[in-house]
Structure formats: structure tokens, C-alpha cells
Amino acid sequence: MFNAHDAMPDGGLISLSATAVVQDPGTVVELRVVGMTPETVLRAFDLFFTTKGTGLGGVGLPMVKHFAESHGGRVHIESAFGSGTTVILRLPAMEARQD
């Protein structure tokens, strides 16, 4: 969210939603972040790619992808010209403990 905000210095809309999604084999927690240009989508997972003008950047989404995959999840980007972009993070849900 912070990176998305920083990448839009002239403003824009960023939304975040979270939900549990039942799929085979189990339930995942799905987080969706909306807001990215089509040009940025093409390079979003490139290490050190940044939309920020100055300073070190470009490790956010590559780190998210590594984190998701190392925990049995995944991250991908859906984009439609004129409709916007959604970054979708899916991680395995942990069952509630019965104490």
C-alpha cells in the first residue's frame, strides 16, 4: 500500500480488500490491491524496477512474490486497459484452533 501510494504522486485510487476463498485443496486468504498502470504491470516483478523518482526501490513486489511462493501461495497481476490493475496475493489459510 505504501509503495502504491508513493508511486502515485499526483493522486489516484488505491483499494485493498481481503477475503477467504475456498478452493481445492483448501482455503486461501486473498488480498487484492488495485492501482497500477499497464506499463508498470509489465515490469512489476523485476528486481529494482521502481516508479519512484529517486532513491533505492524495486524490491517490494519481488519480495512479496518470494514470500508468497515460499509459503505455498502465489501472487499475480490482472490488468485490463481502461479498467485498472489488481495485484492478487493468495496465501494458504490456517484453520482456527479449537482450544
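Our subject is the structure that appears above.
Reference entry: report on the structure contained in this document.

What counts as what
Residues numbered from 1 in each chain as written. Predicted model: local features only at pLDDT ≥ 70, side-chain atom pairs only at ≥ 80, totals over all residues. Heavy atoms only, no water. Helix = DSSP H or I, 4+ residues; strand = E, 2+ residues; numbered from the N terminus. Buried < 20%, exposed > 50% of the residue type's maximum accessible area, 1.4 Å probe, protein only. Polar contact = N/O pair within 3.5 Å; in protein donor to acceptor, adjacent residues only side chain to side chain. Patch = residues over 30% accessible without salt bridge, like charges linked within 9 Å, V, L, I, M, F, W, Y side chains within 5 Å. Areas by Shrake-Rupley, 256 points an atom, 1.4 Å probe, with all protein chains shown as cover. Salt bridge = Lys/Arg side-chain N within 4 Å of Asp/Glu carboxyl O. Contact = heavy atoms within 4.5 Å. Core = buried A, V, L, I, M, F, W, Y, C linked by side-chain atoms within 4.5 Å.

1. Structural notes on the environment of E78
Item 1. By secondary structure assignment, the location of E78 is in strand β3 (residues 74-80).
Item 2. Assessed through its relative accessible area of 38%, E78 is described here as partly exposed.
Item 3. For E78 and P38, which are 40 residues apart along the polypeptide, the C-alpha to C-alpha distance reads 9.9 Å.
Item 4. Engagement of the side chain of E78 in a polar contact is seen with the side chain of H76, the distance being 3.4 Å.

2. Considerations on the side chain of H76
Item 1. Looking at the element boundaries, H76 is found in strand β3.
Item 2. Residue H76 is classed as buried on the basis of its relative accessible area of 18%.

3. Here's the deal with a nonpolar patch on the surface
Item 1. Judged by side-chain polarity, L16, V29 and L31 come together as a nonpolar surface patch covering roughly 220 Å² of accessible area.
Item 2. Tracing the chain through its elements places L31 in strand β2 (residues 26-34).

4. What to know about the side chain of R90
Item 1. Within the secondary structure, R90 sits in strand β4 (residues 84-92).
Item 2. What makes R90 buried here is its relative accessible area of 15%.
Item 3. Discounting chain neighbours no more than four positions away, the residues touching R90 are V28, V29, E30, R32, G73, R74 and H76.

5. Here we look at the nonpolar core
Item 1. Counting residues in each nonpolar core, the largest one holds eight residues, listed as V41, A44, A68, V75, I77, V87, L89 and L91.
Item 2. Apart from the residues lying within four places of it in its own chain, the contact partners of A68 are G73, R74, V75, L89 and L91.

6. Some thoughts on the environment of A20
Item 1. For A20, the position within the fold is in strand β1 (residues 15-23).
Item 2. For A20, the contacting residues outside a window of four places in its chain are T27 and V28.

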